[in-house]
Amino acid sequence: MEMKKWLVLMLVFLCLGVWQAASVYQDALQPKQSLAEKALERAKEKIAFTRIDRTYTYYGDRTYTVFIGENKHGKKYIVWVPEKNGKIVVKRAESGITEKEAIAKLKAERHPKKLISVKLGMEKGVPLWELTYIDQHNRYSFYYLSFTDGTFLKRYSFQQ
């Protein structure tokens, strides 16, 4: 009987631990979710999305939430929304290079060992692609290309 009490007590503590961990995780995600929700409300002032395909959060000189989606006419748009007040930028997706083109350019020019992430962002009013990768020297690296025409903007690396 004593063993049964211990098992029940352990199960209760395990459940409490899982519940607390889930609560902490939700609390940690809340600011990012509310940032995206606020940004979407602001984006709707400029364009009426009927579908959103991708959402990025970019942390550069300013924080931007970027949405890729379609309007009611089936046209694909990209919207860059600054976290704080500022100009919301709207562009047709076809007015710039695609994610695949950005990756191809990175592979041709830098020969990454491993691609970590690709996302849209904005620096000093310039829409860009940020490509994060591990380079040939095992450094964590960032490579920035202009969204408009794919021109190289900057890159930097640091040892892990």
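Residues numbered from 1 in each chain as written. Predicted model: local features only at pLDDT ≥ 70, side-chain atom pairs only at ≥ 80, totals over all residues. Heavy atoms only, no water.

## Here we look at the pattern of salt bridges
For step 1, the next point in the chain: Applying the stated rule across the entire model yields 9 salt bridges.
For step 2, the next point in the chain: Between Asp-53 and Arg-51 there is a salt bridge whose closest N-O contact spans 2.6 Å.
For step 3, the next point in the chain: Exposure remark for Asp-53: the relative accessible area of 31% places this residue in the partly exposed category.
For step 4, the next point in the chain: In this structure, Asp-135 and Arg-139 form a salt bridge, with 2.7 Å as the shortest nitrogen-oxygen distance.
For step 5, the next point in the chain: Residue class for Arg-139 comes out partly exposed when judged on its relative accessible area of 28%.
For step 6, the next point in the chain: Bridged by salt links that share partners, the residues Arg-51, Asp-53, Glu-70 and Lys-76 form one connected network. (Salt bridge = Lys/Arg side-chain N within 4 Å of Asp/Glu carboxyl O. Buried < 20%, exposed > 50% of the residue type's maximum accessible area, 1.4 Å probe, protein only.)

## A look at the packing of aromatic side chains
For step 1, the next point in the chain: Inspection of the entire model under this criterion finds 7 aromatic pairs.
For step 2, the next point in the chain: Ring centres of Trp-80 and Phe-147 lie 5.4 Å apart, and the angle between their planes is 65°; on these two criteria the pair is classed as edge-to-face. Of the two residues, Trp-80 is situated in strand 3 (residues 76-82) and Phe-147 in the loop between strand 7 (139-146) and strand 8 (152-159); the sequence distance between them amounts to 67 residues. For the pair shown, Trp-80 and Phe-147 are each scored as buried.
For step 3, the next point in the chain: Aromatic side chains Tyr-140 and Phe-142 sit 5.4 Å apart centroid to centroid with 75° between the ring planes, which places their arrangement in the edge-to-face category.
For step 4, the next point in the chain: Residue classification places Tyr-140 among the partly exposed residues on the basis of a relative accessible area of 25%.
For step 5, the next point in the chain: Ring-pair connections join several aromatic residues into one group, and the members of that group are Tyr-140, Phe-142, Tyr-144, Tyr-156 and Phe-158.
For step 6, the next point in the chain: When the ring centre of Tyr-77 is taken as origin, the NZ or CZ atom of Arg-92, which lies over that ring, is 5.6 Å away.
For step 7, the next point in the chain: Over the ring of Tyr-144 we find Lys-154; its NZ or CZ atom is 4.9 Å from the centre of that ring. (Phe/Tyr/Trp six-rings, centres within 6.5 Å; stacked < 30°, edge-to-face > 60°. Helix = DSSP H or I, 4+ residues; strand = E, 2+ residues; numbered from the N terminus. Lys NZ or Arg CZ within 6 Å of the ring centre and 35° of its normal.)

## Quick look at the sheet that holds strand 6 (residues 126-134)
For step 1, the next point in the chain: Spatial strand order, 5-6-7-8: 4 strands in an open sheet with antiparallel pairing. In this open sheet, the two edge strands, each paired with only one partner strand, are strand 5 (114-123) and strand 8. Put simply, the sheet's adjacent strands are angled 15° from each other on average, direction ignored.
For step 2, the next point in the chain: Bridge analysis of strand 5 against strand 6 gives 9 bridges, and the strand direction is antiparallel. By the bridge assignment, Leu-115 is partnered in strand 6 with Tyr-133.
For step 3, the next point in the chain: Lying on the sheet, helix 2 (residues 99-110) is in contact with strand 5, strand 6, strand 7 and strand 8; it crosses strand 6 at an angle near 55°. (Pairing = 2+ DSSP bridges. Axes fitted to C-alpha atoms, helices over the stretch in contact; angles between N-to-C directions. Contact = heavy atoms within 4.5 Å.)

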